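For reference, the chains in residue letters:
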Amino acid sequence: MIILDGKKVASKRKKELTAKISKYHNKGLRKPKLVVIMVGNDHASEVYVSHKIKVANEVGIYSELLRFDKDIKKEELYNKINELNNDQNIDGILLQLPLPIDFIEEDYLQAITPSKDVDGFHYINQGKMLQGYDTVYPCTPLGIINLLEEYNINVKNKDITLIGTSNIVGKPLGMMLLNNQATITMCNKNTKNIKDHTINADIIISATGKQFIITKDMIKKDAVIIDVGIIRDPVTNKLVGDVDFESVKLKSSYITPVPGGVGPMTVITLMENTFMLYEKHINKSK
Ligand code: GUN
């Protein structure tokens, strides 16, 4: 069994990205810029966002965190997004989710101009993704695909079962893997028996946020296991995933740990996406 070490891979990619960014900087060009918008003070988001800002600064991306109170007027948030859309020095805009309960997330995500949509959540970018065109791909799905590639795990012709169909992870990842010639099964909340769909899968990707829903009896020997879940165990207070790691690892060929698997890949992919948008903006303005 091999641990898919997202932390190590992300750290390698971080060095590569830092070198690429400094080449532009050495030529006298401006730094890439990422703006993160946070509304309210969701505790998990606070942790994720501070990490994103830290890594951005480490790779040479200029980052700005815009915080708004949960009572911000909706119009004010729209206007702010519009202002950022029109600022030539900004490459990526990220609206951290979840928004407070009375905000319709979709409305604000779609207000971000597609060329700065660093999360790949805009309908235009998602439509391109669906049809297999080059575009901005959502960070967690792309990070998972890059992690598999780094370990030479080919998805072509593989039977892959995804558990969880969120707009952020499951749905886009399913489409991206399909475009990479894999055969995909997508399980959702109403799936009658998840085990029926995992037991023969070559690769299982779980993104539900439900602790230990993937157990050893549900997987075939030598399956590849990707755990997108991140949950704080109420008893031990440690971070755990969807997968019962200690038992499942014994039967798998490759497995991601929690923490240190998918999480670091998401963050480095956000930086890579910001850089990709930056390159497009810089080349356009030449
Ligand atoms: N909240 C949890 N994951 C994500 C993500 O990938 N992007 C954004 N914008 N918010 C999130």
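Worth saying up front: this structure is predicted, and the values here are computed from it rather than measured.

Peer 1: Please clarify how the pattern of salt bridges should be interpreted in this entry.
Peer 2: Here the idea is simple: oppositely charged side chains can pair when their charged atoms come close. Inspection of the entire model under this criterion finds 15 salt bridges. A salt bridge links E150 to K12; the nearest nitrogen and oxygen atoms lie 2.6 Å apart. Of the two residues, E150 is situated in helix α6 (residues 139-150) and K12 in helix α1 (residues 6-26); the sequence distance between them amounts to 138 residues. The exposure class of E150 is partly exposed, given its relative accessible area of 28%. We classify K12 as partly exposed; its relative accessible area is 37%. With a shortest N-O distance of 2.9 Å, E246 and K249 are connected by a salt bridge. Three or more residues are tied together by salt bridges with common partners; here these are K12, R13, E16, E150 and E272.

Peer 1: Where do I start with the site of the ligand in this structure?
Peer 2: By nearness alone, every residue bordering the ligand is listed as L94, L95, Q96, L97, D119, F121 and I168. Separating a nitrogen atom of the ligand from a backbone N or O atom of L97 is a distance of 2.9 Å. In this structure, D119 approaches the ligand through a side-chain N or O atom, which is 2.6 Å from a nitrogen atom. In terms of residue class, the shell around the ligand is made up of five nonpolar, one polar and one charged.

Peer 1: Which parts of the structure should I look at to understand the sheet that holds strand β1 (residues 2-3)?
Peer 2: Strand pairing in a sheet is mediated by backbone hydrogen bonds. Such pairs are either parallel or antiparallel. As summarised here, the arrangement of the six strands in space is β1-β11-β8-β7-β5-β6, forming an open sheet in which the pairing is parallel. Edge positions in the open sheet fall to β1 and β6 (183-187), since each of these has one partner strand only. Strand direction decides the pairing type here: β1 and strand β11 (residues 254-255), joined by two bridges, are parallel. What sits directly across from I2, in β11, is Y254.

Peer 1: Would you take a moment to explain the pairing of strand β5 (residues 159-163) for this structure?
Peer 2: Each regular strand displays side chains that alternate between the two surfaces of the sheet. Taking burial as the measure, the five residues of β5 include four buried ones, the bulk of the element. As defined by bridge partners, β5 adjoins β6 across five bridges and the pair is classed as parallel. Paired with I160 across the strands is I184, a residue of β6.

Peer 1: In this structure, what is going on with unusual backbone geometry? I would like to understand it.
Peer 2: Most of the time, phi is negative for any residue but glycine, and the peptide bond is trans. Here the amide bond leading from L97 into P98 is cis, since omega sits at 5°, within 30 degrees of zero. When you line up the elements, P98 lands in the loop between β4 (92-95) and α4 (105-109). In the segment running from V258 into P259, the intervening peptide bond is cis, with an omega of -5°. Position of P259 among the secondary structure elements: in the loop between β11 and α10 (262-284). Despite not being glycine, N152 shows a phi value in the positive range, around 55°. Of note, N152 is situated in the loop between α6 and β5. Its identity as a non-glycine residue notwithstanding, Q181 has a phi of 70°, on the positive side. Within the fold, Q181 resides in the loop between α7 (170-179) and β6.

Conventions we followed
Residues numbered from 1 in each chain as written. Predicted model: local features only at pLDDT ≥ 70, side-chain atom pairs only at ≥ 80, totals over all residues. Heavy atoms only, no water. Salt bridge = Lys/Arg side-chain N within 4 Å of Asp/Glu carboxyl O. Helix = DSSP H or I, 4+ residues; strand = E, 2+ residues; numbered from the N terminus. Buried < 20%, exposed > 50% of the residue type's maximum accessible area, 1.4 Å probe, protein only. Near = heavy atom within 4 Å. Polar contact = N/O pair within 3.5 Å; in protein donor to acceptor, adjacent residues only side chain to side chain. Nonpolar A, V, L, I, M, F, W, Y, C, P; charged D, E, K, R; others polar. Pairing = 2+ DSSP bridges.

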